[in-house]
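Take a look at the letters that make up each chain.
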Amino acid sequence: MIELKGLSKTYHTASGDVKALENVDLRIEDGDIYGIIGLSGAGKSTLVRCINLLEKPDSGEVLVDGKELTALSDRELRRARQSISMIFQGFNLLMQRTSLDNVCFPMELAGVKKDAARKKARELLELVGLPDKAGAYPVQLSGGQKQRVAIARALASDPKVLLCDEATSALDPQTTRSILALLKELNRKLGVTVVVITHEMRVVEQICSHVAILDKGVIQESGPVAEVFANPRTEAGRRLVMPEDDKIHVLPENRLVRLVFNGLSVVEPVIATLARDQGICLNIIAADTRSIGAKTYGSMVLALPLDETDAARALIYLREIEGVTAEEVTDYVQ
């Protein structure tokens, strides 16, 4: 288990102090796939680097498996870090080494005998789907293949925790999906805890069971992905989850209603059943919905009928649908 307690970090620069993290509390259970999401500059990379103490926090505690890392000696910290591996956006492979030798590298540093290291490296390349790329150099690999080699290398020390710092940001959508599927499979097979740092909602949706939203160095909200996406409680959460209603242009006479789906309903029948059952047709102004675990989450903005009686009937109908929250909104541009 990973526990962060009261974690704070400030960078002192020529132009002034920059508060990267402020009093962060976070708990990540063993075997979880935990997402930490935020926009650029939110403090995500600082947070993940504090977990393995590549960045030392100014205050607070970092506990991994009950050990307080900030209290360890340098030697003890090096030993503790062997159970925490990291993969990066830029892969960080050694360009003059083959895939096999890249995977062997951390084992060489740990003093593993050459034959044993090469045997294990081949097994790991097989595990990540690259058994035929052992002799290839990084320049001969695609972006997705490089990241697979980086994942194999990260697994060479048999880690309990795998930190992924924007690990798919440099990849195309299809390759991203395949890498995330690989991480999910490794989590299932090996029981490794995966911490995913990202600015992309689709990454969290595809792989994570829990998520924390970080904004300006502060954890704004956290919890199961479905709950956070269904009902974001903070402005930072709504910015990430809800459509950008402030950019919606509608006629001045239109009234708008926002539907929030919490996973108990599907999107498509809502409009159709309203038209069928009540004879009322609504226009879709904006929608930002997603499927998580075969259920629908997100929100939709609809234009209510101009007739006040029909608008009132539509609101009553929508508010009675199980699993849907309906509220009128006025934060749009005319």
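Going by the structure above, here's the rest.
Residues numbered from 1 in each chain as written. Predicted model: local features only at pLDDT ≥ 70, side-chain atom pairs only at ≥ 80, totals over all residues. Heavy atoms only, no water.

K.L.:
With reference to specific residues and values, describe the nonpolar core.
P.N.:
Grouped together as the largest cluster of nonpolar side chains are 50 residues, with contacts concentrated most on I87, L125, I151, L183 and I207. In terms of residue count, the dominant contributor to this core is helix 5 (residues 143–155) (6 residues). Not counting the four nearest positions on each side in its chain, I151 is found in contact with I87, V128, I179, L182, L183 and L186. Core analysis: the second largest hydrophobic core is formed by 29 residues, I28, I51, L69 and L77 among them. (Core = buried A, V, L, I, M, F, W, Y, C linked by side-chain atoms within 4.5 Å. Buried < 20%, exposed > 50% of the residue type's maximum accessible area, 1.4 Å probe, protein only. Helix = DSSP H or I, 4+ residues; strand = E, 2+ residues; numbered from the N terminus. Contact = heavy atoms within 4.5 Å.)

K.L.:
Could you give an account of the pattern of salt bridges, naming the residues involved and the relevant values?
P.N.:
Oppositely charged side chains may form a pair once their charged atoms are brought near each other. Under the defined criterion, the tally for this structure stands at 19 salt bridges. One salt bridge in this structure joins R118 and D101, with 3.2 Å as the shortest N-O distance. On the criterion of sequence distance, the pair formed by R118 in helix 4 (residues 114–127) and D101 in helix 3 (residues 99–109) is long-range, its members being 17 residues apart. The residue R233 makes a salt bridge to E221 at a minimum N-O spacing of 3.8 Å. Of the two residues, R233 is situated in the loop between helix 8 (225–230) and helix 9 (235–241) and E221 in strand 10 (residues 218–224); the sequence distance between them amounts to 12 residues. Residue classification places R233 among the exposed residues on the basis of a relative accessible area of 53%. Here the salt bridges share partners, and the residues they tie into one network are E3, R27 and E29. (Salt bridge = Lys/Arg side-chain N within 4 Å of Asp/Glu carboxyl O.)

K.L.:
Outline the pairing of strand 6 (residues 84–88), supporting the account with residue identities and numerical values.
P.N.:
Counting buried residues along strand 6, 4 of its 5 residues qualify, which places the element largely inside the surrounding structure. Where strand 6 meets strand 7 (residues 161–165), 5 bridges bridge the pair, whose relative direction is parallel. Bridge pairing in strand 7 links S85 to L162. (Pairing = 2+ DSSP bridges.)

K.L.:
I'd like a rundown of a positive patch on the surface, residues and numbers included.
P.N.:
A cluster of basic residues, K67, R75, R78 and R79, forms a positive patch on the protein surface. Here the element with the most residues in the positive patch is helix 2 (residues 74–81); it accounts for 3 residues. Take R75: it is sitting in helix 2. A relative accessible area of 60% means that R75 is categorised as exposed. (Patch = residues over 30% accessible without salt bridge, like charges linked within 9 Å, V, L, I, M, F, W, Y side chains within 5 Å. Areas by Shrake-Rupley, 256 points an atom, 1.4 Å probe, with all protein chains shown as cover. Lys, Arg positive; Asp, Glu negative; His and termini not counted. Charge placed at Lys NZ, Arg CZ, Asp CG, Glu CD.)

K.L.:
So what's going on with the sheet that holds strand 8 (residues 193–198)? Which residues, and what values?
P.N.:
Taken together, 6 strands build an open sheet; the order of strands is 6-7-8-3-9-10 and the sheet is mixed. Lying at the two open borders of the sheet, with one neighbouring strand each, are strand 6 and strand 10. The sheet shows a mean angle of 15° between the axes of neighbouring strands, taken without regard to direction. As paired strands, strand 3 (residues 33–37) and strand 8 are joined by 5 bridges and run parallel to one another. If you follow I33 over to strand 8, its bridge partner there is V194. (Axes fitted to C-alpha atoms, helices over the stretch in contact; angles between N-to-C directions.)

K.L.:
Mind laying out the environment of K184, listing which residues take part and the relevant values?
P.N.:
Of note, K184 is situated in helix 6 (residues 173–190). Sequence separation between K184 and Q206 is 22 residues; the distance between their C-alpha atoms is 9.2 Å. Leaving out residues up to four positions away in the same chain, K184 has contacts with I33, Q206 and I207.

K.L.:
So what's going on with empty space enclosed by the protein? Residues and values would help.
P.N.:
Counted under the stated rule, the structure contains 2 cavities of 30 Å³ or more. Lining the largest cavity are C164, E166, A167, T168, L180, L183, V196, I197, T198 and V203. For the lining of the largest cavity, the elements supplying multiple residues, two or more each, are helix 6 and strand 8. For the lining of the largest cavity, the leading source of residues is strand 8, giving 3 residues. Among the residues making up the lining of the largest cavity, the classes are represented as 7 nonpolar, 2 polar and 1 charged. The computed volume of the second largest cavity comes to approximately 40 Å³. If you trace the second largest cavity, you find it lined by G38, L39, L214, D215, A236, R239 and L240. (1 Å grid on protein atoms, 1.4 Å probe; cavity = no way out; pocket = protein on both sides within 12 Å on 5 of 7 lines; lining within 4 Å. Points joined across faces, edges and corners; volume = space filled by probe spheres on them. Nonpolar A, V, L, I, M, F, W, Y, C, P; charged D, E, K, R; others polar.)

K.L.:
Quick one: what's the story with the layout of surface pockets, residue by residue and with numbers?
P.N.:
Estimates place the volume of the largest pocket at around 740 Å³. Forming the boundary of the largest pocket are 22 residues, of which R81, I84, S85, P106 and S157 lie nearest the centre. Looking at the lining of the largest pocket, the element that brings in the most residues is strand 6, giving 5 residues. Its residues assigned to classes, the lining of the largest pocket shows 14 nonpolar, 5 polar and 3 charged.

K.L.:
Explain the pairing of strand 2 (residues 16–28) residue by residue, including any values.
P.N.:
With 9 bridges connecting them, strand 1 (residues 2–13) and strand 2 associate as antiparallel partners. Counted as the bridge partner of T13 is G16 from strand 2. If you look at the hairpin formed by strand 1 and strand 2, you'll find 2 residues sitting between the two strands.

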